[in-house]
Amino acid sequence: MRPPSDLPMELGHHFSCDAAVSVGVSRRRLRGGDLDSRFRGSRSVPVATRHTDEFARLHHALVQRCLAFIPVAPAEFCFSHGTAATLYGIPLPLRLRRDLRIDVSVPVARPQPRASGVRGHRLNLWEVRVFRGMPLVAPAVAWAQVANVLTLDELVIAGDYLVQRKHPKSSPDDLVAAASVPRRGARQARRALLDVRVGTDSPPESELRLVLVRAGLPEPLIGHTVIHEGYFVGTPDLAYVEQKVAIEYQGSGHWLDRDVFEDDIIRRELFERAGWKVILVTAPRLRQPAQLAAEVAAVLRERAV
């Protein structure tokens, strides 16, 4: 069988059929099995991924679907809701990421997008920004738009991510403004704001804090700096200052990277010399919230004596 003919380079990986025909590509070539046709009137050259992690593979697939839609998108549109939230990196549960449809919004005066694989929306407030070459609603707006499909704690964790310590994508005022707009889930978003905290470092850290608070324990501090005899000791993920208890979440990077592993040992020794008790929490421990909260409660009681 003859291999398919090369496509003009100016088309790129994602293009409309009309654009391809205008530069001399035949309709027969556009029906070639080497091209993806995710949306009517659109073609894509498949882009392989080497990701083995399911979250990474799903993210790659979403990006490719969005790029495939752009050539046949309405003149004025943006990605919104769960699609925008995922593109921004907002932590969403797998049940939402596995949804293959993309969320596309247009101004309220425009016809609602209707196409296979597309979930169409119309927005009263039209404010679009470009993120990695794609038009999206603002991060805080995407957060508020998914409030009706997330649990309260999932929404809090997503909100924490947007106002995290490093590279925040939104401000607390942005979240408040987004939650004040009447829409489905607005009440849930306003409830979540009561528990959203500025300055976290990772979603598991936020989940850990909520596990402790939901178990009835006092809320630990975020970003507390420990100084001992005039020297900087460290800033634990979570801290019970009065009892001198530091709680650290340790992801896989803490064990797989030798330098990080050794730094963690030194860091723990420094805390202990300063009179602090360090509790290390890993993903398996976080999956047993009742047991974890009971262990922390026991340590707090011991340290209170």
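Residues numbered from 1 in each chain as written. Predicted model: local features only at pLDDT ≥ 70, side-chain atom pairs only at ≥ 80, totals over all residues. Heavy atoms only, no water.

A.B. asks: Teacher, can you tell me more about the packing of helix 7 (residues 152–162) against helix 10 (residues 203–214) here?
C.D. replies: Relative placement of two packed helices is described by the angle separating their axes and the distance separating the axes. Put simply, helix 7 and helix 10 touch, their axes get as near as 9 Å, and they point 135° apart. It follows from the interaxial angle that helix 7 and helix 10 lie oblique. For the pair helix 7 and helix 10, the sense of crossing is right-handed. Taken together, the residues of helix 10 that come into contact with helix 7 (itself represented by Leu152, Asp153, Val156, Ile157 and Asp160) are Pro203, Ser206, Glu207, Arg209, Leu210 and Arg214. Across the contact of helix 7 with helix 10, the residue classes tally to five nonpolar, one polar and five charged. (Axes fitted to C-alpha atoms, helices over the stretch in contact; angles between N-to-C directions. Helix = DSSP H or I, 4+ residues; strand = E, 2+ residues; numbered from the N terminus. Parallel < 35°, antiparallel > 145°, perpendicular 65-115°, else oblique. Left-handed = near helix turned anticlockwise from the far one by under 90°. Contact = heavy atoms within 4.5 Å. Nonpolar A, V, L, I, M, F, W, Y, C, P; charged D, E, K, R; others polar.)

A.B. asks: How should I be thinking about the nonpolar core in this particular structure?
C.D. replies: A general trend in soluble globular proteins is that nonpolar side chains are found buried together. Phe69, Phe79, Leu87, Ile90, Ile102, Leu136 and Trp143 are the most contacted members of the largest nonpolar core, which has 47 residues in total. Looking at this core, the element that brings in the most residues is helix 7, giving seven residues. Other than its neighbours up to four places away in sequence, Ile102 contacts Phe39, Leu62, Arg65, Cys66, Phe69, Phe79, Thr83, Gly117, Val118 and Arg119. Membership of the second largest hydrophobic core comes to 17 residues, among which are Leu217, Leu238, Tyr240 and Leu286. (Core = buried A, V, L, I, M, F, W, Y, C linked by side-chain atoms within 4.5 Å. Buried < 20%, exposed > 50% of the residue type's maximum accessible area, 1.4 Å probe, protein only.)

A.B. asks: How do you make sense of helix 7 when you look at a structure like this?
C.D. replies: In an α-helix, one full turn covers 3.6 residues, which means residues spaced three or four apart are oriented alike. Across the eleven residues that make up helix 7, a large majority, nine, are buried. Of all the positions in helix 7, only Leu152, Leu155, Val156, Ile157, Ala158, Gly159, Asp160, Tyr161 and Leu162 are classed as buried. Packing partners of the buried residues in helix 7 comprise helix 6 (139–145), helix 8 (172–179), helix 9 (186–193) and helix 10.

A.B. asks: Teacher, can you tell me more about the pattern of salt bridges here?
C.D. replies: A pair can form between side chains of opposite charge whenever their charged atoms are brought close. Going through the model one piece at a time under the given rule, you end up with 18 salt bridges. Here Asp153 makes a salt bridge to Arg214, at a shortest N to O gap of 2.6 Å. Pair noted here: Asp153 is in helix 7 and Arg214 is in helix 10, with a separation of 61 residues, a long-range link. By relative accessible area, Asp153 is classed as partly exposed at 27%. Here Arg214 falls in the partly exposed class, since its relative accessible area comes to 40%. (Salt bridge = Lys/Arg side-chain N within 4 Å of Asp/Glu carboxyl O.)

A.B. asks: Could you clarify how one ought to interpret unusual backbone geometry in this entry?
C.D. replies: In this model, His81 sits at a positive phi of 50°, which is unusual for a non-glycine residue. Mapped onto the elements, His81 comes out in helix 4 (residues 81–87). His81 sits in the buried class, given a relative accessible area of 16%. Phi at Glu229 takes a positive value of approximately 55°, unusual for a residue other than glycine. Topologically, Glu229 is positioned in the loop between strand 9 (226–228) and strand 10 (231–234). Classification of Glu229 as exposed rests on a relative accessible area of 68%.

A.B. asks: Help me understand the pairing of strand 4 (residues 102–107), please; the structure alone is not making it clear to me.
C.D. replies: If a strand is regular, its side chains alternate between the two faces of the sheet. Most of strand 4 sits inside the fold, with six of its six residues counted as buried. Sheet topology note: the strand 3 (residues 78–79)/strand 4 ladder contains two bridges and is antiparallel. By the bridge assignment, Cys78 is partnered in strand 4 with Ser105. Pairing of strand 4 with strand 5 (residues 118–123), which is carried by six bridges, proceeds in the parallel orientation. Paired with Asp103 across the strands is Arg119, a residue of strand 5. (Pairing = 2+ DSSP bridges.)

A.B. asks: Even after reading the chapter, I still don't get the environment of Leu30, so can you show me in this structure?
C.D. replies: Note on placement: Leu30 falls in helix 2 (residues 27–30). A relative accessible area of 3% means that Leu30 is categorised as buried. Sequence-wise, Leu30 and Leu7 are 23 residues apart; in three dimensions their C-alpha atoms are separated by 9.7 Å. Ignoring sequence-local partners within four residues, the contact set of Leu30 consists of Phe15, Cys17, Ala20, Val21, Val25, Leu35 and Arg43.

A.B. asks: Just checking my understanding: could you explain the packing of aromatic side chains for this structure?
C.D. replies: Each pair of aromatic rings is reported with the distance of its centres and the angle of its planes. By the definition in use, this model includes six aromatic pairs. Judged by centre distance (4.8 Å) and plane angle (50°), the rings of Tyr88 and Phe131 are tilted. Residue Tyr88 is found in the loop between helix 4 and helix 5 (94–97), and its partner Phe131 is found in strand 6 (residues 128–131); the two are separated by 43 residues along the sequence. An aromatic cluster of at least three residues, connected via ring pairs, comprises Phe39, Phe69, Phe77 and Phe79. (Phe/Tyr/Trp six-rings, centres within 6.5 Å; stacked < 30°, edge-to-face > 60°.)

Bear in mind that shape data such as this cannot, by itself, settle questions of function.
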